[in-house]
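Letter by letter, the chains look like this.
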Amino acid sequence: MLQSLAGSSCVRLVEQHRSAWCFALLVLGYLLYLVFGAVVFSSVELPYEDLLRQELGKLKQRFLEEHACLSEQQLEQFLMRVLEASNYGVSVLSNASGNWNWDFTSSLFFASTVLSTTGYGHTVPLSDGGKAFCIIYSVIGIPFTLLFLTAVVQRIIVYVTRRPVLYFHIRWGFSKQVVAIIHAIVLGFITVSCFFLIPAAIFSVLEDDWNFLESFYFCFISLSTIGLGDYVPGEGYNQKFRELYKIGITCYLLLGLIAMLVVLETFCELHELKKFRKLFYVKKDKDEDQVNIMEHDQLSFSSISDQAASMKDDQKANEPFVASQSPTSNDSSLNN
């Protein structure tokens, strides 16, 4: 008897705080996923880092042995200066001296990466004025970009997602949920093909040092706005039509970002995902829901009354003009 009562009370306690338990599991799962990623990256990349360190150490030692007139301190000072300039996108190599990082097309590409929060980091402002302007430009431009992307996606998704789903649901009688799932999968496949697979094949041809995997890696890192900056197109010293290429990449990033947002919004509108997301949200109180309903009803009734009043005014305005009779004339007519 006591065990059944305790069990029922525990079940009731879990049901009452279901969203809190789900949220706690979500936080725990996210932390475990972070730890899992750290363990995998460390185990995979640490041996390669060790090999690279050993190789650089051997090259440095061999260079010092072949050039006895140069001390190790002088070499390290030179390398530190070269690495510092490389962090600002300036290379000391002779084959890269012809590429300017701040011509118009490169600056346009930089502005697009800043506003889209991709931020490759291969080119950064050198002057204090450029850094100050970048802060002000980003503070205004990033919310402006979010507003622009939201407006564009809101209009595109009506014609790409909602109307096709309703068409197959109403015209052919298919289940709306099934049609939405199939449509989301097809739209995702088309987006992956048009903005990942095909561009990756193009980049692998245009970029001499990139294979297909590296090109696909660049497309994913860019359109997901991660922007690590280890692969940046159009930076080769023998790049043909570099200005036009940079403009094309800028257009690709903007269109690809819009396509990614459309696909994400399409998946977020699925009924199953909506139910899944609600597991982690805080439930509204009944009183708050009733207040919202009353406010909504009040607004709707007031809008209806205002609309009816405006219709009456319009109707009166459209009526033919009739001269109103004065009360004295009415009284005289009655006396007669």
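Residues numbered from 1 in each chain as written. Predicted model: local features only at pLDDT ≥ 70, side-chain atom pairs only at ≥ 80, totals over all residues. Heavy atoms only, no water.

Visitor: So what exactly am I meant to see when it comes to the pattern of salt bridges here?
Guide: Opposite charge on two side chains lets them pair, provided their charged atoms get close. Under the definition given, this model contains four salt bridges. Across the pair K60 and E76 runs a salt bridge, and its minimum N-O distance is 2.6 Å. With K60 in helix α2 (residues 18–66) and E76 in helix α3 (residues 72–87), the pair connects residues that are 16 residues apart, well separated along the chain. The class for K60 is partly exposed, based on a relative accessible area of 25%. Overlapping salt bridges bring together K60, E72 and E76 as one network. (Salt bridge = Lys/Arg side-chain N within 4 Å of Asp/Glu carboxyl O. Helix = DSSP H or I, 4+ residues; strand = E, 2+ residues; numbered from the N terminus. Buried < 20%, exposed > 50% of the residue type's maximum accessible area, 1.4 Å probe, protein only.)

Visitor: Just checking my understanding: could you explain the packing of aromatic side chains for this structure?
Guide: Each aromatic ring pair is summarised here by two numbers: the centre-to-centre distance and the angle between the ring planes. This structure, assessed with the given rule, holds 14 aromatic pairs. Here F196 and F216 contribute two aromatic rings whose centre-to-centre distance is 5.8 Å and whose plane-to-plane angle is 45°, an arrangement assigned as tilted. Here F196, found in helix α6 (residues 176–206), pairs with F216, found in helix α7 (residues 212–223); they are 20 residues apart in sequence, far enough to count as distant. Given a relative accessible area of 6%, F196 falls into the buried group. Of the residues examined, F216 reaches a relative accessible area of 27% and is grouped as partly exposed. (Phe/Tyr/Trp six-rings, centres within 6.5 Å; stacked < 30°, edge-to-face > 60°.)

Visitor: Please explain the UniProt feature "transmembrane region" (unreviewed entry) in the chain as it appears in this structure.
Guide: The sites that UniProt annotates as "transmembrane region" (unreviewed entry) are residues 21–44, 135–157, 178–203, 215–232 and 244–264. Counting secondary structure, residues 244–264 comes out at 100% helix and 0% strand; the distance between its end C-alpha atoms is 30 Å. (UniProt positions renumbered as here; feature names shortened; annotations may be inferred.)

Visitor: Looking at this structure, how should I read the side chain of T250?
Guide: For T250, the position within the fold is in helix α8 (residues 242–268). Excluding its chain neighbours within four sequence positions, the residues that come into contact with T250 are L108, F109 and S112. (Contact = heavy atoms within 4.5 Å.)

Visitor: What is the right way to look at the side chain of S193 in this model?
Guide: Tracing the sequence through the fold places S193 in helix α6. The exposure class assigned to S193 is buried, which follows from its relative accessible area of 16%. With sequence-adjacent residues up to four places away left out, S193 is seen in contact with I198 and P199.

Visitor: Sorry if this is basic, but what is going on with the packing of α7 against α8 here?
Guide: When two helices pack together, their arrangement is given by the angle between their axes and by how far apart the axes lie. One can describe the packing of α7 onto α8 by two numbers: an axis separation of 9 Å at closest approach and a directional angle of 70°. On the basis of their axis angle, the class for α7 and α8 is roughly perpendicular. The interaxial crossing formed by α7 with α8 has right-handed handedness. For the pair α7 and α8, contact is made by C219, S222 and L223 and by Y252, L253, G256, L257 and M260, respectively. Broken down by class, the residue content of the contact of α7 with α8 amounts to six nonpolar, two polar and no charged. (Axes fitted to C-alpha atoms, helices over the stretch in contact; angles between N-to-C directions. Parallel < 35°, antiparallel > 145°, perpendicular 65-115°, else oblique. Left-handed = near helix turned anticlockwise from the far one by under 90°. Nonpolar A, V, L, I, M, F, W, Y, C, P; charged D, E, K, R; others polar.)

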